[in-house]
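Now for the letters of each chain:
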Amino acid sequence: MAERRLVVTMNMHGVDHETFGRNEETRKTEVKETILSNPNQSLNVLEFIHGWGGECRLELRLTGTLLDDNTIRVQGNALLFEGVSEGTGDLDGQRDISFIVPRGGVVALQNFRVNNDDEGDDFADVQLACTNSPVE
Ligand SMILES: [Ca+2]
Ligand SMILES: [Ca+2]
Ligand SMILES: [Ca+2]
């Protein structure tokens, strides 16, 4: 089976809600390329950990699995922490992610929001744009 190149482009926008004063926001972009050659074996394709506002942290971890039809399944989860520091262990929201990246030039788009479900109006919006192309 041919090798495939998975390119994951992640854009995130995080909002640390403040009761007094302005909300604290962040925007980040990350591009990660992974070559997948072994069918049905999952590889880590993105690990993104980013704190902002003195209280919030987003952790996003994705794996990619090359399937028999040369499509790629991307799955993982996004965790939103919020507490007394950006290093807090207080997990306040999460999203599970799973989608297929088709072959060819099609860009697989996945947009989601991770809300602070426990205590507040903090959130992180994440956009994933993935392509799956043959390795020349
Ligand atoms: Ca806050
Ligand atoms: Ca803050
Ligand atoms: Ca909290």
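Worth saying up front: this structure is predicted, and the values here are computed from it rather than measured.

What counts and what doesn't
- Residues numbered from 1 in each chain as written.
- Chains lettered and ligands numbered in written order.
- Predicted model: local features only at pLDDT ≥ 70, side-chain atom pairs only at ≥ 80, totals over all residues.
- Heavy atoms only, no water.
- Core = buried A, V, L, I, M, F, W, Y, C linked by side-chain atoms within 4.5 Å.
- Buried < 20%, exposed > 50% of the residue type's maximum accessible area, 1.4 Å probe, protein only.
- Helix = DSSP H or I, 4+ residues; strand = E, 2+ residues; numbered from the N terminus.
- Contact = heavy atoms within 4.5 Å.
- Donors = N, O, S within 2.8 Å, 3.2 Å for Na, K, Ca; no water.

Remarks on the nonpolar core
Move 1: Leu6, Leu58, Leu60, Leu62 and Leu128 are the most contacted members of the largest nonpolar core, which totals 28 residues.
Move 2: Broken down by secondary-structure element, the contributors of at least two residues to this core are β1 (4–16), β3 (42–52), β4 (56–66), β5 (72–82), β6 (91–101), β7 (104–115) and β8 (123–134).
Move 3: Per-element accounting of this core gives the leading share, 5 residues, to β4.
Move 4: In contact with Leu62, other than residues within four places in its own chain, are Val8, Leu43, Asn44, Val45, Leu46, Val74, Gln75, Gly76, Ile97 and Leu128.

Regarding the coordination of the calcium ion (ligand 2)
Move 1: Around the calcium ion (ligand 2), the protein contributes the donor atoms Asp16 (OD), Glu18 (OE), Glu24 (OE), Gly53 (O) and Glu55 (OE), at 2.1 to 2.3 Å from the metal centre.
Move 2: The sequence motif formed by the donor residues of the calcium ion (ligand 2) is D-x1-E-x5-E-x28-G-x1-E.
Move 3: In this structure, the calcium ion (ligand 2) is positioned 4.0 Å from the calcium ion (ligand 1), and both are ligated by Asp16. With Glu24 in strand β2 (residues 24–36) and Glu55 in the loop between β3 and β4, the pair connects residues that are 31 residues apart, well separated along the chain.

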